[in-house]
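Coordinate inspection notes
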Amino acid sequence: MLRLRQIALVAHDDLAAAQELIDVLGLAIAYHDPHIERIKLHNTLLPVGTQILEIVSPLEPGITAERYLQRRKGPGGYMVITQTDDHPPRRARVEQLGVRIVGQFDAEGFTNMQLHPRDTGGSFLEIDYQEGGWEDPMGPWSPAGSDWQQAIRTDLVTAITAAEMQCDDPEKVASRWSEIVEIERQDVDGVPTIPLENATLRFVPVLDDRGEGLAGIDLACRDADKVRENAERRGVPVAEDHVVLVGMRCYLR
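A brief report on the enclosed structure follows. (Residues numbered from 1 in each chain as written. Predicted model: local features only at pLDDT ≥ 70, side-chain atom pairs only at ≥ 80, totals over all residues. Heavy atoms only, no water.)

Structural notes on helix α5 (residues 170-181)
- Look at α5: 16 Å from first C-alpha to last across 12 residues, which is about the 16 Å you get at 1.5 Å a residue.
- Taken together, the buried positions of α5 are occupied by Pro 170, Val 173, Ala 174, Trp 177, Ser 178, Ile 180 and Val 181. Along the axis of α5, the buried positions cluster into a sector of 165°, meaning they face one direction only.
- A positive phi of about 55° marks Glu 182, the residue just after α5. (Helix = DSSP H or I, 4+ residues; strand = E, 2+ residues; numbered from the N terminus. Expected span 1.5 Å × (residues − 1). Buried < 20%, exposed > 50% of the residue type's maximum accessible area, 1.4 Å probe, protein only. Arc of directions from axis to C-beta.)

As structure tokens, then:
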């Protein structure tokens, strides 16, 4: 089984980007992970219900995150991070398909596996396992710190219900992801879609001048009108069905 647990964004300044999410979506900061400084990143993590929005920013030029900001012309979606109930079969499947692993670690009951975007297409895909975290979504999730639950704010938004990858060839990328995660893809109103336990992965054509990448998320809203009002006050782009935050389309559902 597989669920959407975390969405990573990339920005030049993660703290400033986090403030945008706080001002518009009513979220709160849970954690800054000190361990990722070893890979020259700083991050900020904000819960959306039992899921997490993470923003990473590069600490020095030339690293992957900084190159990604240049290639995609600014801040935006970076990684789709999933949680599995059983990691070894996921690792075996990735190896069977010859998908390269660009990041991995095991620490304190948490197993990480980040896949090479050239082998997946669309976006970075990560498949992680948390000991004791599958049975209770309010349970441990090491990347967000030991007490991330204290920062949950659901007055305006309550969950991330979809991730939208824009792709040069949506059919091909959706089929590749389906092959990797071993979940049969569906067509929803003509859009290739992969259903997870708590969300969907959606694959659409490139809709702007930024090329392939994680371009949007769906947010379950308690008060979409208030989100739009906050976005207008903040001065970020507002459309009929979404607002643009940290360079990513946030669809209000």
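Back to the write-up after that little detour.
Observations regarding the sheet that holds strand β5 (residues 101-107)
- The strand order across the open sheet built from seven strands is β2-β3-β1-β4-β7-β6-β5, with neighbouring strands paired in mixed fashion. Looking along the sheet, the strands with just one partner apiece sit at the ends: β2 (41-48) and β5. Ignoring which end each strand starts from, the neighbouring axes of this sheet average 20° apart.
- The strands touched by helix α1 (residues 14-25) within the sheet are β1 (2-10), β2 and β3 (51-58), with β2 carrying the most contacts at an inclination of about 15°.
- Here helix α2 (residues 64-71) sits on the sheet in contact with β1, β2, β3, β4 (76-84) and β7 (124-130), set at roughly 130° to β4. (Pairing = 2+ DSSP bridges. Axes fitted to C-alpha atoms, helices over the stretch in contact; angles between N-to-C directions. Contact = heavy atoms within 4.5 Å.)

Digging into α1
- The first and last C-alpha atoms of α1 sit 16 Å apart over 12 residues, in line with the 16 Å expected at 1.5 Å per residue.
- Asp 14, Ala 17, Ala 18, Glu 20, Leu 21, Val 24 and Leu 25 are the residues of α1 that are buried. Taken end-on, α1 shows its buried residues confined to a sector of 150°, consistent with a single buried face.
- The N-terminus of α1 is capped by Asp 13, whose side-chain oxygen sits 3.0 Å from the backbone nitrogen of Leu 15. (Polar contact = N/O pair within 3.5 Å; in protein donor to acceptor, adjacent residues only side chain to side chain.)

Points about the packing of aromatic side chains
- Here the structure, examined in full by the defined rule, presents six aromatic pairs.
- With a centroid separation of 6.3 Å and 55° between ring planes, the pair formed by Tyr 68 and Phe 124 is classed as tilted. With Tyr 68 in helix α2 and Phe 124 in strand β7, this pair connects stretches of sequence that are 56 residues apart.
- Between Trp 177 and Phe 203, the ring centres sit 5.5 Å apart and the planes meet at 75°, which makes this aromatic pair edge-to-face. Of the two residues, Trp 177 is situated in helix α5 and Phe 203 in strand β11 (residues 200-205); the sequence distance between them amounts to 26 residues.
- A relative accessible area of 0% places Trp 177 in the buried class. (Phe/Tyr/Trp six-rings, centres within 6.5 Å; stacked < 30°, edge-to-face > 60°.)

Points about the nonpolar core
- Membership of the largest hydrophobic core comes to 52 residues, with the highest contact counts inside it found for Ile 7, Leu 21 and Val 80.
- With near-sequence residues (within four places) excluded, Val 80 lies in contact with Leu 4, Gln 6, Ile 7, Ser 123, Phe 124, Leu 125, Glu 126, Ala 163, Met 165, Trp 177, Leu 201 and Leu 214.
- Core analysis: the next-biggest nonpolar cluster, separate from the first, contains 22 residues, Ala 30, Phe 110, Ala 144 and Trp 148 among them. (Core = buried A, V, L, I, M, F, W, Y, C linked by side-chain atoms within 4.5 Å.)

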